[in-house]
Amino acid sequence: MNLQSYNDQDLVKVYIAGNENGLQELLKRHKSKIYTSIYLLVKDQYLAEDIFQDAFIKVINTLRSGRYNEEGKFLPWVMRIAHNLVIDYFRREKRTPIITSADGMDVFNMLHFYDESAEDKMLRDQTHKDLKALIHLLPDEQKEVLLMRHYADLSFKEIADLTDVSINTALGRMRYALSNLRKMLKTKEMTYKG
Amino acid sequence: MTKTSTSKNNVNLPTANMFQPRTDIESDAEIDLFYDQIKGKLDRLAKDPQEETINKILAYSRSL
């Protein structure tokens, strides 16, 4: 049976019917999207692995118990479970989100650690690492939308449902996330070149 | 009897754009262009979980 051509809903049905390959294909298809979103939120590989695993154990238990609502899409549903687990983790750790002004300018002021001299080549080589660091500096609600949109490929409607905000708020947060990243990258380049 | 009607064309219904946050400095086009420029870089940050984690999940499922 070639499961690659099956859509997610069909794979769920295959799995519920007892074929483990259905789950294997769903994992293969979505593991990167889900894991990257978790990892960039919690910033710790081992914790991200644990949350990813816990999310799929909940998925398995729900599917096996027949409580899965077939009307929903699989990926947004798993992302909701993962998102709730991340929130639970932060609550347990009592980590409060970074407080920012509406446009996230406080984050913009946190760039002092880039005050180091560097060559242009280093600037290019560092871009990958820097971008990850800058994403981590975004306010939580902006980072969340950016990750769900870019990595999990969720629609703004799905993101809005998942985070309990309006579609326009989700759209606005995405815009602010990109705007802040742009400002931070500009500042970093000026620091390197200056 | 005189029939009356109201044109729907000129009613000021809210549009999605009316609720978009606005910034004075950047246009939507600039933000979109920036996003296009960093998409590839964002893609390169994508990571997979370890194979061990996947195997644990599959083993849990098989154990039920």
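In what follows, the structure referred to is the one given above.
Calculation criteria
- Residues numbered from 1 in each chain as written.
- Chains lettered and ligands numbered in written order.
- Predicted model: local features only at pLDDT ≥ 70, side-chain atom pairs only at ≥ 80, totals over all residues.
- Heavy atoms only, no water.
- Helix = DSSP H or I, 4+ residues; strand = E, 2+ residues; numbered from the N terminus.
- Buried < 20%, exposed > 50% of the residue type's maximum accessible area, 1.4 Å probe, protein only.
- Contact = heavy atoms within 4.5 Å.
- Core = buried A, V, L, I, M, F, W, Y, C linked by side-chain atoms within 4.5 Å.
- Buried area = accessible area lost by both parts, 1.4 Å probe.
- Salt bridge = Lys/Arg side-chain N within 4 Å of Asp/Glu carboxyl O.
- Polar contact = N/O pair within 3.5 Å; in protein donor to acceptor, adjacent residues only side chain to side chain.
- Nonpolar A, V, L, I, M, F, W, Y, C, P; charged D, E, K, R; others polar.

1. Section: the overall build of chain A
For chain A, the helix and strand inventory stands at nine helices and zero strands. The N-to-C order of helical and strand elements in chain A reads α-α-α-α-α-α-α-α-α. Within chain A, buried positions represent 52% of all 194 residues. Within chain A, residue pairs in contact and separated by at least 24 positions form 64% of the contacts whose partners lie at least 6 positions apart.

2. Concerning the nonpolar core
Ranked by size, the top nonpolar core spans 68 residues in total, and within it Ile-34, Ile-38, Phe-52, Phe-56, Phe-74 and Leu-181 of chain A carry the most contacts. Take this core: its biggest share by element is eleven residues, from helix H4 (residues 74-93) of chain A. What Phe-56 of chain A contacts, discounting residues up to four positions off in sequence, is Leu-23, Leu-27, Ile-34, Phe-74 and Val-78 of chain A together with Ile-57 of chain B.

3. A closer look at the interface of chain B and chain A
In this complex, chain B contributes 35 residues to the contact, which on the side of chain A involves 38 residues. Both faces considered, chain B and chain A share a buried interface measuring about 3600 Å² in area, 64% of it formed by carbon and sulfur atoms. There are two salt bridges connecting chain B and chain A. Between Glu-30 of chain B and Arg-182 of chain A there is a salt bridge, with its nearest N and O atoms 3.9 Å apart. Put simply, chain B and chain A have twelve residue pairs in polar contact (both at pLDDT 80 or more) between them. For the side of chain B that touches chain A, the secondary structure elements donating two or more residues are helix H1 (28-44) and helix H2 (51-63) of chain B. If you tally residues by element for the side of chain B that touches chain A, the top one is H1 of chain B, at eleven residues. The class makeup of the residues in the side of chain B that touches chain A is 16 nonpolar, six polar and 13 charged.

Limitation: the analysis is restricted to geometry and does not speak to function.
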